[in-house]
Protein chains: 2
Amino acid sequence: MPDRDLQYLAELSAQLRVDSVRAAAEAGSGHPTSSMSAADLMAVLFACHLHYDFDNPGNPANDHLIFSKGHASPLLYSLYKAAGVISDEELLSFRRRGSRLEGHPTPRLPWVDVATGSLGQGLPVGVGVAMAGRLERLPYRVWVLCGDSELAEGSIWEAAEHAGSEGLANLTAIVDVNRLGQRGPTRHGWDTGAYARRFGAFGWHTIEIDGHDPGQIDFALSDARNTRRRPTVILAKTRKGEGVLEVENREGAHGKALKDPGKAVQELGGPRSVRVEVHRPEVDAAPFRFSGNGMKLPSYPVGERVATRTAYGAALAALGAARGDVVALDGEVADSTKTETFGKEHPERFFEMYIAEQQLVAAAVGMQVRGWKPYAATFAAFLTRAHDFIRMAGVSRADIRLVGSHAGVAIGEDGPSQMGLEDLAMMRTVHGSTVLYPCDANQTAALIAEMADLEGVSYLRTTRGDTPVIYQPGERFTVGGSRVLQHTPGDRATIVAAGVTVHEALAAADDLQAEGVPVGVIDLYSIKPVDTAVLVEAATTTGNLITVEDHRVEGGLGDAVMDAVSELGPRVVKLAVTDLPGSATPQEQLADARIDRHAIIDAVKRLL
Amino acid sequence: MPDRDLQYLAELSAQLRVDSVRAAAEAGSGHPTSSMSAADLMAVLFACHLHYDFDNPGNPANDHLIFSKGHASPLLYSLYKAAGVISDEELLSFRRRGSRLEGHPTPRLPWVDVATGSLGQGLPVGVGVAMAGRLERLPYRVWVLCGDSELAEGSIWEAAEHAGSEGLANLTAIVDVNRLGQRGPTRHGWDTGAYARRFGAFGWHTIEIDGHDPGQIDFALSDARNTRRRPTVILAKTRKGEGVLEVENREGAHGKALKDPGKAVQELGGPRSVRVEVHRPEVDAAPFRFSGNGMKLPSYPVGERVATRTAYGAALAALGAARGDVVALDGEVADSTKTETFGKEHPERFFEMYIAEQQLVAAAVGMQVRGWKPYAATFAAFLTRAHDFIRMAGVSRADIRLVGSHAGVAIGEDGPSQMGLEDLAMMRTVHGSTVLYPCDANQTAALIAEMADLEGVSYLRTTRGDTPVIYQPGERFTVGGSRVLQHTPGDRATIVAAGVTVHEALAAADDLQAEGVPVGVIDLYSIKPVDTAVLVEAATTTGNLITVEDHRVEGGLGDAVMDAVSELGPRVVKLAVTDLPGSATPQEQLADARIDRHAIIDAVKRLL
């Protein structure tokens, strides 16, 4: 590398440090020291290796840069300033109310793919972006800046396993090994060999360098770009707070503005106005998309018994035939969730993620960055494994679709470890989420199709056992809607159910009718958003609601109903799972949990 | 190994296979083939290496055996039958309603430490049991039977990192590498070297063997027992369904009873009545416990401003001084959660788990198996990372205490990735859980002490910023209680709050009083169980409730209140976080989320 270039890179790095210090100083908080350790790494990346069209963040050929160590946001924003896309004034709005420059990066900024800040997530999401690049035959590279502390997260090793096994050579992890975590030294300190052995064992190309030497950084980034058939990890030994004596390589300097920022800026050579010209992508590239040919959803005759999970698989396969942008992922249970139906018809768009639910969800998030429409499925119970990833997908405003099978005690003999009993509560709390829970096969097929164009995180819950088809094929079910299945002006109460309990509610209503107690029945297949108008109508006319759900009593359908009618003050009885189930047949489980037809009848009688 | 012994082991293994086939056949479901692959491994372990006093499962010197592949429960129950602790009749009750022999093992059986069935959890929990053994200076060993599929879970590698780095030589993982997952071949098939490289890189002693050769198994188990300073992993190449042609090493034979169990039993040589005499522990050992010397909780003068996280740290340190059985764990954020106060005073009982929240919770679960009282802390937001472990801790009836700091939008500038906004919903759904959310330092200290003897999973939520002390030092706060902070007979509404919003509610009530609108204020510090009596009283007298919480609108305090009063039908207005926050100061965040004093006043006026 010529001296001229070295001098330029030194100036750029110094400016990135200065601006990181200034932004945090102005905010009175933030992570300048974690930014300073990685400044040289990012300076060389931006000046020499990144290919990105800042005038067109949507250019399909753009590289992707993910700050897995999201707390180094001052560095990222300083890079944007050096690239000329934010002003110095905006830089100094860091962490202020209303500013796009939040404490941790989010896609409110057009150059940020996904929100980070929960450690260990950027690399698994990067795996998903790299998978998309391979699928759409684009030459872009995915660069992920990781901290060393976050390598303790299991999700990093799910990513290492998937990327290593799949040979994702378009993925590079750059690890800023600055030795210091939040509260003290990391487990391995500056022992980059410890990390190299681990990544190497998972099939990665590993490079250990001095992360403050531009020549070594340049070589490593070139080497990563030239490596075939394997992802690369660059393990860069750095010093936290590099360049400022007050904080350099010192404990206790994490996550706070410097005490004397003025002196620090001086020590770094003062403010500069260095610009970085990031290479534009070398080629114009159009993403490959599969072709589609007209939607033909599966249809089931009324009265037939079909599991909603079966209908999900068939509907997804049909959707895949109709639309070239749909992809499916599964957590090594595709024969149970029935994603296998899609996998058999569209093998090139089916991704086996094995038993690694965090990477399963992260891959979906990564693929939607590139405009794919991912559906990711596993048992509803095991989606809890990915809760933090789903939460962050909400913060990322990511458009992903999750399907959880084997919901509720209705699975029967397998017992509580396999039962999704907390999933509705978990999914309802996700920002901007949609939560659907169909009761029959035709409804499932219709909702799976509806999900394709939903924004945000959407979730559909399926049932293991067969349930009777009650809706005609082709009926439309809108998100936020419901179905009034039984209603007479003389209704003394209204039963609100979804999924398996719809069938219990219908049976209970029949028995009650025979005893001279007419009750209404609502199929609340859209748990979020919920059909407030219909619920308010029911609450107003009968004044008595019974909710019944195969889910824990907290946070599910019953709470959604109460929330919708809370300001009216109807009487509500919630039937839901309150005890810990064991093994039993599905019908025994429903009876033991007091959510079957008999329990509903008892509840109605008690309420009246 | 003498021929006589080999003959005996062959008979025992055959019986374990026969009984696994019979139990699944009788149930009509279950996992016989996953049991048959590991039968030789477990036969040799039980006959030659395990030290366990079946007459006294509480013997502190007992080894611990955890079936991380919990679906191999037919094998585990067949071992119990061979050991003489369950009858053949009970074996055949497998998966029936009311039977202790559930689809996946749970501690309803006295020899089972923890529930398994969600893969990738047994090894991290085993790490916790091994940590306890080292702490209490007991010679027991921890044996964990893993499947090969579950090695894709990141939690396995969190465990590998912790055990390898800590040199937990008392821990042995036995991996049943049967090549076949649920829906097809695993990623690495029979390439035990792939797994050996990975575990080796994490510092484990690795042994690769033929898992059907008793001599090799015996050697490997001996080698594991004799290995110092490193945990051992035995990578055993096996065949799924070994011994029965119909299913042996065949795809599509996972998780179902055999089609022709009679023929299979014949093929395995027919039923036998082999007994296994498991060695009792060689020594009588008493667990080491630290001494305690009288409780002196920290106390704070009313009016002082103290963060509840600070009070948590000080109270936990005081509790540690008073009780020798309290241990603390943290996820590399002890300076933020304030667990560091305990760590400084009781370094030998403080465990740094680094940024690995699944292993953090699993270690707590493992340590409580041996009677320790673990408190595990991280940011409330990051506990979502361990959701599935917390869920399974509930199924395990484990007594663990979790503390989540940095709750809510009140953290301020750091932004949504760091805000615990879903934790109350998540924790409320856990079976048998307790959920606490104190508003001042003295209340926090009291509740931290209360938690020590609670059964099940308990959770306490702390706040980052300082809040005024409103309770006298030494006041008692019972689980399931509340405090009526303001109440007059003329109250027109009642505000129900907890944590930071208590202070907003008190300010709002003052302002409303000045305007001639008296309202009551309840501090609902116990979110689960909830003080139904007080809430019903408030609902009955004022008929108008306003709930206000720094949490998403779904599944938190508001839903807990509505659940308690649902059958009475009061009008309830819920104030909670509904939008996605960005960066802002704490007070700006409360205002923007519409949960500050002004929003409360508006809500009261709107309701009246």
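Report on the accompanying structure. (Residues numbered from 1 in each chain as written. Chains lettered and ligands numbered in written order. Predicted model: local features only at pLDDT ≥ 70, side-chain atom pairs only at ≥ 80, totals over all residues. Heavy atoms only, no water.)

## Considering the overall build of chain A
Thinking step 1. On a plain count of helices and strands, chain A comes out with 22 helices and 19 strands.
Thinking step 2. What you see for chain A is a C-alpha radius of gyration of 27 Å, in line with the 25 Å of a compact globule of 608 residues.
Thinking step 3. For chain A, the spread of C-alpha atoms along the three principal axes comes to 90 × 50 × 40 Å.
Thinking step 4. Here chain A holds 608 residues, and the buried ones make up 70% of them.
Thinking step 5. Sequence-distant contacts, at least 24 apart, represent 78% of the contacts inside chain A between residues at least 6 apart. (Helix = DSSP H or I, 4+ residues; strand = E, 2+ residues; numbered from the N terminus. Rg over C-alpha atoms; globule rule 2.2 N^0.38 Å. Buried < 20%, exposed > 50% of the residue type's maximum accessible area, 1.4 Å probe, protein only. Contact = heavy atoms within 4.5 Å.)

## A word on the side chain of Ser 566 of chain B
Thinking step 1. Mapping Ser 566 of chain B onto the fold places it in the loop between helix H20 (557–565) and strand E19 (571–577).
Thinking step 2. Residue Ser 566 of chain B is classed as buried on the basis of its relative accessible area of 8%.
Thinking step 3. Discounting residues that sit within four places of it in the chain, Ser 566 of chain B has contacts with Met 562, Pro 570, Arg 571 and Val 572 of chain A.

## Notes on the pattern of salt bridges
Thinking step 1. Applying the stated criterion to the full structure yields 76 salt bridges over all chains.
Thinking step 2. A salt bridge links Arg 289 of chain B to Glu 136 of chain B, with the nearest nitrogen and oxygen atoms 2.7 Å apart. With Arg 289 of chain B in the loop between helix H10 (261–267) and strand E6 (305–307) and Glu 136 of chain B in the loop between helix H6 (122–135) and strand E2 (142–147), this pair connects stretches of sequence that are 153 residues apart.
Thinking step 3. Classification of Arg 289 of chain B by relative accessible area gives partly exposed; the value is 29%.
Thinking step 4. Residue class for Glu 136 of chain B comes out buried when judged on its relative accessible area of 0%.
Thinking step 5. One salt bridge connects Lys 373 of chain B with Asp 453 of chain B, and the closest N-O pair in it is separated by 3.4 Å. Taken together, the residues span a long stretch of sequence, with Lys 373 of chain B in strand E9 (residues 373–379) and Asp 453 of chain B in the loop between helix H17 (441–451) and strand E12 (457–461) at a distance of 80 residues.
Thinking step 6. Among the residues examined, Asp 453 of chain B registers a relative accessible area of 51% and is labelled exposed.
Thinking step 7. Three or more residues are tied together by salt bridges with common partners; here these are Asp 19, Arg 22, Lys 81 and Asp 88 of chain A. (Salt bridge = Lys/Arg side-chain N within 4 Å of Asp/Glu carboxyl O.)

## Considering the sheet that holds strand E2 (residues 142–147) of chain A
All names here are of chain A.
Thinking step 1. Pairing is parallel in the open sheet, where five strands are placed in the order E1-E2-E3-E5-E4. Because the sheet does not close on itself, it has two edges, and the strands there are strand E1 (64–67) and strand E4 (205–210). Adjacent strand axes in the sheet meet at a mean angle of 20° when their direction is disregarded.
Thinking step 2. Across the sheet, helix H3 (residues 39–49) lies against E1, E2, strand E3 (171–177), E4 and strand E5 (232–237), angled at about 170° from E1, the strand it touches most. (Pairing = 2+ DSSP bridges. Axes fitted to C-alpha atoms, helices over the stretch in contact; angles between N-to-C directions.)

## A short note on the packing of helix H1 (residues 3–27) of chain B against helix H4 (residues 73–82) of chain B
Residues and elements named next belong to chain B.
Thinking step 1. Viewed as axis vectors pointing N to C, H1 and H4 meet at an angle of 125°, and their least axial separation amounts to 8 Å. One way to sum up the angle between H1 and H4 is to call them oblique. Crossing of H1 over H4 shows right-handed handedness. Residues Leu 12, Gln 15, Leu 16, Asp 19, Ser 20 and Arg 22 of H1 pack against Pro 74, Leu 75, Ser 78, Leu 79, Lys 81 and Ala 82 of H4. (Parallel < 35°, antiparallel > 145°, perpendicular 65-115°, else oblique. Left-handed = near helix turned anticlockwise from the far one by under 90°.)

## Quick word on the interface of chain B and chain A
Thinking step 1. At the junction of the two partners, chain B supplies 102 residues and chain A supplies 102 residues.
Thinking step 2. Buried surface at the junction of chain B and chain A, both sides included, amounts to about 8,400 Å², of which 47% is carbon and sulfur.
Thinking step 3. On the chain B side of the interface with chain A, the three residues burying the most area are Arg 97, Arg 187 and Arg 385 of chain B, jointly 10% of the side's total.
Thinking step 4. The tally of links from chain B across to chain A stands at 22 salt bridges.
Thinking step 5. In this structure, Asp 414 of chain B and Arg 95 of chain A form a salt bridge, with 2.5 Å as the shortest nitrogen-oxygen distance.
Thinking step 6. Across the chain B-chain A interface, the total number found is 64 residue pairs in polar contact (both at pLDDT 80 or more). (Buried area = accessible area lost by both parts, 1.4 Å probe. Polar contact = N/O pair within 3.5 Å; in protein donor to acceptor, adjacent residues only side chain to side chain.)

## So, the relation of the copies chain B and chain A
Thinking step 1. The transformation that overlays chain B on chain A combines an axial shift of 0.0 Å with a rotation of 180°, and the residual RMSD is 0.0 Å. Taken together, these values place the two copies in the relation of a two-fold axis. (Least-squares fit on C-alpha atoms with pLDDT ≥ 70 in both.)

## Some remarks on the packing of helix H7 (residues 154–166) of chain B against helix H14 (residues 357–369) of chain B
All names here are of chain B.
Thinking step 1. Closest axis-to-axis distance for the H7/H14 pair is 8 Å, and the angle between their directions is 70°. In terms of orientation, H7 lies roughly perpendicular with respect to H14. On H14, the residues touching Ser 155, Glu 158, Ala 159 and His 162 of H7 are Glu 357, Gln 358 and Gln 359.
Thinking step 2. Among the residues forming the contact of H7 with H14, the class breakdown is one nonpolar, four polar and two charged. (Nonpolar A, V, L, I, M, F, W, Y, C, P; charged D, E, K, R; others polar.)

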